[in-house]
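So you can see what is in the structure, the chains are spelled out below.
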Amino acid sequence: MRWLRSAGAEVIGLFVGDWFQTGISVAILGAGWLALPRLHVEGVAFALAVALAVQLILATTAEARAKKT
Amino acid sequence: MGAQLLTFGAAFLGSGVESVEALTIVLAVGLTRGWRAPLLGTLSALGLLALLVAIFGQLIVTRVPEVTLKLIIGTLIVLFGLRWLHKAVLRSAGVVAMHDENRAYAQTVESLRANQQKTDWIGFTLALKGVFLEGLEVVFIVIAVGGTSGGMGVAVAGGLLAMLVVAGAGVIIRRPLAQVPENTLKYAVGIILTSVGTFWAAEGMGVSWPLDFVSIVGLAALYLVASRVAVTLIRRPVFA
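One structure accompanies this document, and this report is about it. (Residues numbered from 1 in each chain as written. Chains lettered and ligands numbered in written order. Predicted model: local features only at pLDDT ≥ 70, side-chain atom pairs only at ≥ 80, totals over all residues.)

### Concerning the packing of helix H2 (residues 19-39) of chain A against helix H3 (residues 45-68) of chain A
Each pair of packed helices can be described by the angle between their axes along with the distance between the axes.
Residue and element names in this part refer to chain A.
Then, in step 1: Interaxial distance between H2 and H3 falls to 10 Å at its minimum, and their mutual angle equals 170°. The angle between H2 and H3 places the two elements in the roughly antiparallel class. Relative to H3, the crossing made by H2 is right-handed. Between H2 and H3, the residues in contact are Gln21, Ile24, Ser25, Ile28, Gly32 and Leu36 and Ala45, Leu48, Ala51, Leu52, Gln55 and Ala59, respectively.
Then, in step 2: Of the residues belonging to the contact of H2 with H3, the class tally is eight nonpolar, four polar and no charged. (Axes fitted to C-alpha atoms, helices over the stretch in contact; angles between N-to-C directions. Helix = DSSP H or I, 4+ residues; strand = E, 2+ residues; numbered from the N terminus. Parallel < 35°, antiparallel > 145°, perpendicular 65-115°, else oblique. Left-handed = near helix turned anticlockwise from the far one by under 90°. Contact = placed C-beta atoms within 7 Å. Nonpolar A, V, L, I, M, F, W, Y, C, P; charged D, E, K, R; others polar.)

### Some words on the packing of helix H7 (residues 182-204) of chain B against helix H8 (residues 215-235) of chain B
Residues and elements named next belong to chain B.
Then, in step 1: Put simply, H7 and H8 touch, their axes get as near as 9 Å, and they point 130° apart. With respect to their mutual orientation, H7 and H8 come out oblique. Seen along the crossing, H7 lies across H8 with a hand that is right-handed. Judged by residue contacts, Ile191, Ile192, Thr194, Ser195, Val196, Thr198 and Phe199 of H7 engage Ser215, Ile216, Leu219, Ala220, Tyr223 and Leu224 from H8.
Then, in step 2: Split by residue class, the contact of H7 with H8 holds nine nonpolar, four polar and no charged.

### Things to note about the interface of chain B and chain A
Then, in step 1: In this complex, chain B contributes 37 residues to the contact, which on the side of chain A involves 32 residues.
Then, in step 2: For the side of chain B that touches chain A, the elements supplying multiple residues, two or more each, are helix H3 (66-92), helix H5 (121-149), H7 and H8 of chain B.
Then, in step 3: Per-element tally for the side of chain B that touches chain A: the top contributor is H3 of chain B, with 11 residues.
Then, in step 4: Tallied by class, the residues present in the side of chain B that touches chain A amount to 29 nonpolar, five polar and three charged.

Structure below.
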């Protein structure tokens, strides 16, 4: 049973490191899902990627700052 | 052709990195306690993983509409890739220690020596658990990239080939593969998966990319730049 729990935690851990940061990534994708199909502008999906890239920078620098203090 | 190559490459690299980690555990158990139990554990884990690929791969390919599949799997690949990239950035910046196969091997051997008097179920369970848990990531990568690109066979081939190459190297040198640039490979796979995930998730949202599949190269460049910016920011003296 403990082994199954550990496997379950491992599966969740594949996608979630920090729930807050994962929540932000999901929110960005959710916003894209709501907005992008309505815009009909070629290449606007790159805005979604830029938002995720900025989130990566903010999340990693925030974690590094927390670990260093 | 480009899509097939990317599918094969992502499955091969992802599987290769995880196989190196699994091999370290199996070698530590085998060289410390004998080979029978860890090999049985490894085979059992591989059987379970193959079952997962067969069941979920088949379900995904036959039951889920393509647009839904791209949205859901694309989102999961983005989260999975960002997680690898996040760790890679922190490792590159020196905030988190680099993964070291020699150290992982020494720790496993040490824990096994402390349990020498017990039955060999320990060797079996440790190998089973190690291979299964490391293999779960491979299963996800294979199903995700294979299912969404329509190249499940190519993805399975990439995953299996990497596993065979790593196992072969392990049989020959009988030491952890510490020379494999695991951290760099994980960094590269993190960028590939995040780019591919973003591409498919957006397609699942009904968006069409300029230049179609070639856009993935642009996405990869964007995530590479972002990750290097993060590493540079973290390394600044003012940050310490």
